[in-house]
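Report on the structure
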Amino acid sequence: MKVTMFKNICAMLALLTGFVLFAQNPLATSIDSAKIKVGAQANFTIKATVKSKDKVNFPEGKLFGQLEVLESYPVDTVKKGSTYELIKKYGLTQFDSGRYVIPRLPVVINNKTIQSDSLSLEVSNVKVDTLKQKMFDIKPVASQPSSNAWVWWLLGALVVAAALGYGIWWYVTKRKKQPAKKKADERVVSPIEKATEQLQNLERKELIKQGAVKEYYSELADIARMYIEEAIHIPAMESTTTELIEAMHNATQKRKMLLKQETFEQLEQVLRTADMVKFAKSKPLEFEIAQDRSRIETTIVVIDRSIPVNQPEEDTTQAWLEAKRKLEEAKRKRRKRNLIIAAASVAVFLLAFYFSFTAVRTMLYGETTKEMLEGQWVKSEYGVPGITIETPHVLKRLDAAAIMPKDSYALFKDMAMFGDGKPFGNLYIAVATLNLKEPKELDLGTAIDGIIKNWESSGAKDILVKDEEYRTPDGVNGKRAYGTMGYPDPITKQSIPVHYDVYVFGQEQGLQQVILLYKEGDEYAPKIIERVKNSIEMKNLNPQQQQ
């Protein structure tokens, strides 16, 4: 009766940690030795019971978990009545001591994948005569760069990008301001001759036949603006259409040029059409394009004929230069203002990003381990029998009903679970107390195996297990398991190294657990774990353990 009850308790402990027993399947796994020396070989066997026509593919690879595959032996076949037993053997080894898990391996039978059972293998050190073997000092711990280094790289990249953008803008702007050097043999032509030649060259390009209407109108408008700027001496190239027409009215009045209102209207109509083509993607018809070209040619001729021949050029030139200077000065001020606004915006963005990074990061990813370590800690007691532990935050009560199987309530009188953080996150701390209705001796090793099975079913791989007896400062005996494992990142699916530390105690009618997890590479997480485990306290309910 006692043996039966003990088996039931062990089975329920496995259920508590998520260990699921599967129905019978055609696979069976075994290992010739559960313990080997470092570098020795253990023979791992997978047996598949199948029919004669079944196709079976056994797993292959250089590593099974953290165990190295020395040799993959040929498949042996044994006929048993109407079925066949296919036997596949592997030679496994490991050159580091510890407790290793042979993970569940996929075996494909008729295009259906079946997982084999996992097994554990303990690798022990070979005793070395230290009197003859030369000893060396332990190497110092290598420093790990801060996980927040990428923030400074990002800030530096933004600053470099801003500086590079400003340099390109400055270079292009300065280059535009440099006047083109005249060739030594370049002949001097009048504005009307230059405009006429440019219009002829524009027609030779046949841009309309090529469908380049936007390019055609852009050159046509530039030809008209350039002629007006050179002939009437107003800053036509930098002005908008409205500013250009207004400046022409003022210039013609000062120079007493006899231009009809029709001339201004035709010029304005063509320039606005060009603006619509360039910015609003308007597309005039072919006859409208021909009319606009004719209007520009006629307008240029009319303006040129209206310019007084004997009028002194000094006054008009001076007025033109003064107007152009004022326009360029206004543009410089506008560019300077835009540059200041852009620089201020970048500076505000960088400062806001820097100062709000901590708040945003805390909201998305939680508090950093450095902040946890340096913050105010909380010492509190959890569960019954109580476990007193010091942590960066108060552990929150977890919903045991959502974690425990419903049929397990018949064996337990009380269950309490508390935790902080996310399992397999940056840092996870959990405490659990489970009280049986009847006092029975508990197998702490079975409880640890159940926890490891639960991690494995959750996706953990390459679990390295090392265990030892543990005794609290209060004299409570327990068991400690520690090591590393790989857990898939939920986004990148790449394996993330995770360290774990598990403490299990069994007193009277209960089982007490403390589980600590943290990601590898964190500078402050090991210090937090060390402080937490050194703070574990519980009342000794079995005084005979102190003997």
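Above: the structure in question.
What counts, and where the lines are drawn
- Residues numbered from 1 in each chain as written.
- Predicted model: local features only at pLDDT ≥ 70, side-chain atom pairs only at ≥ 80, totals over all residues.
- Heavy atoms only, no water.
- Pairing = 2+ DSSP bridges.
- Helix = DSSP H or I, 4+ residues; strand = E, 2+ residues; numbered from the N terminus.
- Expected span 1.5 Å × (residues − 1).
- Buried < 20%, exposed > 50% of the residue type's maximum accessible area, 1.4 Å probe, protein only.
- Contact = heavy atoms within 4.5 Å.
- Axes fitted to C-alpha atoms, helices over the stretch in contact; angles between N-to-C directions.
- Parallel < 35°, antiparallel > 145°, perpendicular 65-115°, else oblique.
- Nonpolar A, V, L, I, M, F, W, Y, C, P; charged D, E, K, R; others polar.
- Salt bridge = Lys/Arg side-chain N within 4 Å of Asp/Glu carboxyl O.
- Left-handed = near helix turned anticlockwise from the far one by under 90°.

With antiparallel pairing, three strands are arranged side by side in an open sheet as β4-β10-β11. Both edges of this open sheet fall to β4 (56–57) and β11 (112–115), since each of them pairs with a single strand only.

So, on to helix α11 (residues 444–457). Counted at 1.5 Å a residue, the expected span for α11 with its 14 residues is 20 Å, and the 20 Å between its end C-alpha atoms agrees. Among the residues making up α11, those that are buried are L444, G445, A447, I448, G450, I451, I452, W455 and E456. Its buried side turned inward, α11 meets β9 (98–102), β18 (461–471), β19 (477–488), β20 (495–507) and β21 (510–519). The first or second residue beyond α11 is G459, which carries a positive phi of 115 degrees.

Moving on to the packing of helix α3 (residues 191–204) against helix α7 (residues 286–306). For the pair α3 and α7, interaxial distance at closest approach is 11 Å and the crossing angle is 170 degrees. Between α3 and α7, the crossing angle belongs to the class labelled roughly antiparallel. Across from I192, A195, L199, Q200 and E203 in α3, the residues of α7 making contact are R293, I296, E297, I300, V301 and D304. Looking at the contact of α3 with α7 residue by residue, the class counts come to six nonpolar, one polar and four charged.

A few words now on the pattern of salt bridges. With the rule as written, the count across this model stands at 18 salt bridges. We note a salt bridge from K379 to E537, for which the minimum N-O separation is 3.2 Å. Here K379, found in strand β13 (residues 378–382), pairs with E537, found in strand β22 (residues 537–538); they are 158 residues apart in sequence, far enough to count as distant. Residues R531 and E390 are paired through a salt bridge, measuring 3.2 Å at the closest nitrogen-oxygen approach. Separated by 141 residues along the polypeptide, R531 in helix α12 (residues 525–534) and E390 in strand β14 (residues 387–391) bring together distant segments of the chain. Under the relative-accessibility criterion, R531 is labelled partly exposed at 34%.

All right, on to the pairing of β13 then. Of the strand pairs in this sheet, β13 and β14 are connected by five bridges, and their pairing is antiparallel. Residue pairing across strands places K379 opposite E390, the latter belonging to β14. The turn joining β13 and β14, which pair antiparallel and follow one another in sequence, is formed by four residues; a positive phi near 75 degrees is taken by G383.

Glancing now at the sheet that holds β22. The three strands lie next to each other as β13-β14-β22, forming an open sheet whose pairing is antiparallel. The open sheet has two free edges, formed respectively by β13 and β22, since each of these has just one partner strand.

Turning our eyes to something else, we now look at the packing of helix α5 (residues 241–254) against helix α6 (residues 261–279). Two measures define how a pair of helices packs: the angle their axes make with one another and the distance between the axes. Interaxial distance between α5 and α6 falls to 10 Å at its minimum, and their mutual angle equals 160 degrees. Considering the angle they form, α5 stands roughly antiparallel to α6. Between α5 and α6 the crossing geometry is right-handed. Residues T241, T242, L244, I245, M248, H249 and T252 of α5 touch α6, and the partners they reach there are Q261, F264, L267, E268, L271, R272 and D275.

Excluding glycine, a negative phi dihedral is what most residues carry, and trans is how most peptide bonds are arranged. Notably, H233 is not glycine yet its phi reads approximately 65 degrees, a positive angle. Here H233 falls in the buried class, since its relative accessible area comes to 12%. The phi dihedral of D462 falls on the positive side, at around 50 degrees, and the residue is not glycine. With respect to the helices and strands, the residue D462 is situated in strand β18.

Limitation: the analysis is restricted to geometry and does not speak to function.
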